[in-house]
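Residue-level structural notes
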Amino acid sequence: MVTTAPSPTTRPSMRWRVVDIVVASVLGVAGGLVFTLWNLVYSPLTAPIEAVLPGLQALVYAVWLFPAVLVGLIVRKPGAALYGELVAAAVSALLGGFWGWTALAWGLVQGLGAEIVFAILLYRAWGLVPAIVAGVGAGVGLTIMDLTFYYAAARPEFMVVYAVSAMLSGAVIAGLGSWLIVRGLARTGALSRFAAGREFALQSEREATSADEAVEHRSTS
Amino acid sequence: MTTAAASLGAHDWGWTPAGRSTPVLDGVDLSIAPGERVLLLGASGSGKSTLLQAWAGVLGGSDEGDQRGNLTVDDRPVAESRGRVGLLLQDPDAQLVLARARDDVAFGPENLGVPAAQIAERVDSAPQAVGLDLPADAEGARLSGGQRQRLALAGVLALEPAALLLDEPTAQLDPAGVVDVARAVDGLVRERALTLVVVEHRVEVWAALVDRVVVLDDGRVVADGPVEEVLAEQGAELSARGVWVPGREPEHPAAASALRGDVLVEAARLDVQPAGGEPIPLGLDLEVRAGEIVALTGPNGSGKSTLLLTLAGLLPPAAGSIEALAAGAPERWSSADLAARFGVVFQNPEHQFVAGTVRDELAVGQRAYAGARGDRAHGLVASRAGSLDGSPAPADALIARLGLRRLGGVSPFSLSGGEQRRLSVGTALAAAPPVLLLDEPTFGQDSRTWAELAALLAEHRDAGGAVVMATHDRALVEALGAREVALPAPGAPELVSARPTQLANTPQPNPDTPSHASTASVSQTPSRSATLGDRLNPVASIAASLVPALLLVTTIDVVSAAVALVLQLLLIPLLGIPARLLLHRIAPILIAAPFAALTIVFYGQPSGTVYAEFWLVSISDGSLELALATLLRILAIAVPAIALFSRPDATRLGDALGQNLRLPSRFVLGGVAALRLLTVLRDDARLLERARRARGLGDHGRVRRAASLVFALLVLSIRRGSALAIGMEARGFGAPGPRTWIRPSPWRASDTAVVATAVLVSAAAVTTAVLVGTFNPVIGVVGG
């Protein structure tokens, strides 16, 4: 069934179109806005509890990682994950994030974490597993930054718990989460100018056709 | 003007977008002579916008679809005519790229590499040509809809196009704005003898200006000729297809049949206030009775939308009181009660969709009805006069009336603007609430769907319901026999200086669409008297923040961190930042750093005397010292980064990244353009949350609400981004060849000095630690 589908024979271009750049930027901005809302509800409540956790706090930190994976999955161009995360970090700084320009450093390293995964896959694999692995990659970036900046003096046990939590969080929140969001976005038709949205459109067109056929079949029998 | 008007041609041309099996346009043959003025008509989905975008060269390459036949500008392929064709789109937000109006006008010619001196001339002449007289630092976001659309037109004009293509340029404007834009276009086209193609379904706005009408249907040209001729021959058919043909008004519903009933909503001495805006003193006394329709009218900025949201219990009143359905103030109702009692339609329907399909969207409304049993038992809803039992129409019947029959299974977000509007009215009706509160319910409708909507509202009225609607649509007010409540024009605009003769019909920053005042661009190009911190090149402040941090993180010890921090505290005052402001900005880090240190107290590397030990926790001399080092080091890295961060405006940041750092201009400007949408998206987020309360989902848990809100925000981002991309590309963004930067981004000696000083401070701190023998390499710690 699937093999008869019209599949693009030419490799998609690696060059960024204008719409790729602008949508990646706007998604980055939306990501920065989400960071800001998240900072408002999250940090003040949990900071005191976090201080005494043995590294488990990183389990929810991947909210700060989702723009990398999301923009990567939607735009599918070299550098998209890195760019999306960098813009989000810059915006959260501009909106009065706590860390001033240092947010850029986190954005850079976290974005690189996801970017390297997509690059290893030669920018050709955009399924659920690549999304999860890219989320883990971003989690590695977060781990590197936090463990050198905040917790350089912590014991190895703490660091291991922290790293595992961050990667798990990256896999679930940034990886699986972004993949689900992209599927939902494709369903809304908003991604019609992107391969991620067109694949879905073709797929659902096929499903609709077979559903119609089934209805016809039922009514004739 | 170096060039004469352009000719446009299509020869057996067709376009099939990628991911679709049928062409949008097929076998189009059309030839438009230089200087000709053409009105392009056709039902929505007939491919009008596609044709304009194709001529403007922004349809995209083979990635985006398959082209066949030829499309020409001046008998040459479109790709060779960049800048010859100017395209104006419907939504001003999709076209204004830079925060300040003058910068924005320059954006197009900058992309095309026009010499700076010429750009400076055009920045003066283009706004004048469209009748805009703006102060040098006027911000696009603060202008009224009509002014913003004229600013966008000025931006197109600055490219000095030889043909002007307008894609429903007045669809989003109030009547005053429509007149402004049409008048500006008229003046331009006549004066410069430009070729003009307008897509619009309100024929009367443009009929006097154009000399030829082309009708597209199902991807082909079906009529082509002089205006009077085509309208005379095809008027009935066009009207049946939904085109607003002058002299063929859509059918009006019958006049009100029910007598007015009880008072359902009552407001006393009401003043309103938009979220994040100034109060609007209305002092309004209003009674809305069953069986009655109230129309809130008045120019943009008079507060119609704000008043509507306030009546709906979604914004707190600035003063006065509201009482509805004998159940107190709507503001205090639960979200479920609100959804059952009031059907609310927002200005932008995309704010209020919460379900995956059209059918489910209506089902959400019906659930709200089911949830209102308690109300009915208490006779709350019984006040609607007896003709209807109040039960909602079956979803399928409603879907059919709304003209959405074939779309029940698709996502609400994938509908066209007009379809979305009808669906949003449908979701309000689905809950069979006694009161409907509607913001521009007929916006974007063709004449057919307009008639159906008017009929639905009349039925609601005749069944004993009440309607309050904010609208510019005179025909609707008359068709429904609505009682009109005209809001006064707002006070004198602050930032906007229009010509005195135009003040009467082009006022105001626009609280109707909540204020878009940009936070990312508050500061202006700094003057000479500005402090060192403000004058700093943004690239310098980024470098001075990050490079020294790289040195400091190599070691974790008290000495290096303390030395760095002390030196910084001595030097930061030189930046000239007021102490209070600085303290305010670093307050969060002053709270966060001790917590990080506390973690190290518990989990730091133990050494020396151990004071307490359980499970993973071990408090010792060593962990206490490392905690102090952590605290100081976080401060030493974060405090200067925050002090150097003087909230640069996005345009300046972009100029610096593009010119001083030489990052690729397409990405830099893409980011800058997106930053301008930040305030738009933040308003979106606010409205999304309100809409969820109105739809009855506001009582759900935080997590579910947040997830639904974030998803809708991402949909809106992609939509706004995709539209902005077309607007930017139409203005030469992404053109090959060098770009002109008209705003200099100087790198001064002081910039070098600040970066060097910052690096020296860190170097001195780390060197001291090495000399004293406390240097404690991070790598070693991680390894050990």
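Residues numbered from 1 in each chain as written. Chains lettered and ligands numbered in written order. Predicted model: local features only at pLDDT ≥ 70, side-chain atom pairs only at ≥ 80, totals over all residues. Heavy atoms only, no water.

Points about the overall build of chain B
What chain B contains, in helices and strands, is 25 helices and 20 strands. Its C-alpha radius of gyration of 31 Å places chain B within 12% of the 28 Å reference for a compact globule of 784 residues. On the principal axes, the C-alpha backbone points of chain B span a range of 95 × 75 × 55 Å. Counting contacts in chain B only where the partners sit at least 6 residues apart, residues at least 24 apart contribute 76% of the total. For chain B, the accessible surface area stands at approximately 30,100 Å², while carbon and sulfur atoms represent 56% of it. For chain B, the distance from the average position of its 67 positive side-chain charges to the average position of its 80 negative side-chain charges is 3 Å. (Helix = DSSP H or I, 4+ residues; strand = E, 2+ residues; numbered from the N terminus. Rg over C-alpha atoms; globule rule 2.2 N^0.38 Å. Contact = heavy atoms within 4.5 Å. Areas by Shrake-Rupley, 256 points an atom, 1.4 Å probe, with all protein chains shown as cover. Lys, Arg positive; Asp, Glu negative; His and termini not counted. Charge placed at Lys NZ, Arg CZ, Asp CG, Glu CD.)

Focus: the UniProt feature "transmembrane region" (unreviewed entry) in chain B
Residues and elements named next belong to chain B. As annotated by UniProt and renumbered to match this structure, "transmembrane region" (unreviewed entry) occupies residues 546-574, 586-606, 626-645 and 753-775. Annotation note: span residues 586-606, helix share 86%, strand share 0%, distance between end C-alpha atoms 31 Å. Overall, residues 753-775 shows 87% helix and 0% strand. The separation of its end C-alpha atoms is 27 Å. (UniProt positions renumbered as here; feature names shortened; annotations may be inferred.)

What to know about helix α3 (residues 80-94) of chain A
Residue and element names in this part refer to chain A. With 15 residues, α3 should reach 21 Å at 1.5 Å per residue; the first-to-last C-alpha distance of 21 Å fits that figure. The buried count for α3 comes to 14 of 15 residues, which makes it a mostly enclosed element. Following α3 by one or two positions, Gly96 has its phi on the positive side, about 90°. (Expected span 1.5 Å × (residues − 1). Buried < 20%, exposed > 50% of the residue type's maximum accessible area, 1.4 Å probe, protein only.)

With respect to the sheet that holds strand β10 (residues 220-225) of chain B
All names here are of chain B. Spatial ordering of the open sheet is given by β6-β7-β8-β3-β9-β10, a layout of 6 strands whose pairing is mixed. Both edges of this open sheet fall to β6 (85-88) and β10, since each of them pairs with a single strand only. Ignoring strand direction, the axes of neighbouring strands in this sheet form an average angle of 20°. Note: β6 against strand β7 (residues 163-167), 4 bridges, orientation parallel. Note that in β7 the partner of Leu87 across the bridge is Leu165. (Pairing = 2+ DSSP bridges. Axes fitted to C-alpha atoms, helices over the stretch in contact; angles between N-to-C directions.)

So, the environment of Ala629 of chain B
All names here are of chain B. Mapped onto the fold, Ala629 is located in helix α20 (residues 621-643). Placed 511 residues apart in sequence, Ala629 and Gln118 show a C-alpha to C-alpha distance of 58 Å. Setting aside residues no more than four positions away along its own chain, Ala629 makes contact with Ile556, Asp557, Val558 and Ala561.

Considering empty space enclosed by the protein
Residue and element names in this part refer to chain B. Across all of its chains, the model carries 6 cavities of 30 Å³ or more by this definition. Among the secondary structure elements, those contributing two or more residues to the lining of the largest cavity are β15 (342-345), α10 (358-370) and α13 (417-430). Looking at the lining of the largest cavity, its residues break down into 8 nonpolar, 4 polar and 1 charged. (1 Å grid on protein atoms, 1.4 Å probe; cavity = no way out; pocket = protein on both sides within 12 Å on 5 of 7 lines; lining within 4 Å. Points joined across faces, edges and corners; volume = space filled by probe spheres on them. Nonpolar A, V, L, I, M, F, W, Y, C, P; charged D, E, K, R; others polar.)

A word on the sheet that holds strand β14 (residues 319-324) of chain B
Residue and element names in this part refer to chain B. Strand order in the open sheet formed by 3 strands is β12-β11-β14, with antiparallel pairing between adjacent strands. Across the chains shown, the open sheet's two edge strands, defined by having one partner strand only, are β12 (280-289) and β14. Averaged over all adjacent pairs, the angle separating strand axes in this sheet is 10°, with direction ignored. The strands touched by helix α8 (residues 304-311) are β11 (263-272), β12 and β14; relative to β11, the strand with the most contacts, the crossing angle is about 125°.

Describing the side chain of Asp167 of chain B
Residue and element names in this part refer to chain B. Tracing the chain through its elements places Asp167 in strand β7. For the buried Asp167, no salt bridge exists, and the shortest N-O distance to an oppositely charged side chain is 7.0 Å, to Lys48. Here Ser49 takes part through its side chain, which lies 2.8 Å from a polar atom of the side chain of Asp167. The contact partners of Asp167, leaving out residues within four places of it in the chain, are Ser49, Leu52, Leu88, Leu89, Gln90 and Val199. (Salt bridge = Lys/Arg side-chain N within 4 Å of Asp/Glu carboxyl O. Polar contact = N/O pair within 3.5 Å; in protein donor to acceptor, adjacent residues only side chain to side chain.)

A look at the pairing of strand β9 (residues 212-217) of chain B
Summarising burial for β9 of chain B: 5 of the 6 residues are buried, a large majority. Between the antiparallel neighbours β9 of chain B and β10 of chain B lie 2 residues, among them Asp218 of chain B with a positive phi of about 55°.

Focus on the UniProt feature "transmembrane region" (unreviewed entry) in chain A
On the UniProt side, "transmembrane region" (unreviewed entry) is annotated at positions that read residues 18-38, 58-75, 82-101, 107-125, 132-153 and 159-182 of chain A here. Along residues 107-125 of chain A one finds 74% helix and 0% strand; the C-alpha atoms at either end are 23 Å apart.

A closer look at the nonpolar core
By size, the foremost hydrophobic cluster in this structure holds 188 residues, and its most contacted members are Ile74, Tyr151 and Leu191 of chain A together with Met469 of chain B. The element best represented in this core is helix α1 (residues 18-50) of chain A, accounting for 15 residues. Leu157, Val203, Leu209 and Val210 of chain B belong to the second largest nonpolar core, which has 49 residues in total. (Core = buried A, V, L, I, M, F, W, Y, C linked by side-chain atoms within 4.5 Å.)

Quick look at unusual backbone geometry
Residue and element names in this part refer to chain A. A positive phi angle is found at Tyr123, which is not glycine, with a value near 55°. Residue placement: Tyr123 occurs in the loop between α4 (102-120) and α5 (128-149). Here Tyr123 falls in the buried class, since its relative accessible area comes to 16%.

Remarks on the packing of α3 of chain A against helix α22 (residues 665-694) of chain B
Two numbers describe a pair of packed helices, the interaxial angle and the distance between the axes. Two numbers describe how α3 of chain A lies on α22 of chain B: the axes approach to 11 Å, and their chain directions differ by 45°. The orientation of α3 of chain A with respect to α22 of chain B, classified from their angle, is oblique. Crossing of α3 of chain A over α22 of chain B shows right-handed handedness. Residues Tyr83, Val91 and Leu94 of chain A of α3 of chain A form the contact with α22 of chain B, whose participating residues are Phe667, Gly670, Gly671, Leu675 and Leu678 of chain B. The class makeup of the residues in the contact of α3 of chain A with α22 of chain B is 6 nonpolar, 2 polar and no charged. (Parallel < 35°, antiparallel > 145°, perpendicular 65-115°, else oblique. Left-handed = near helix turned anticlockwise from the far one by under 90°.)

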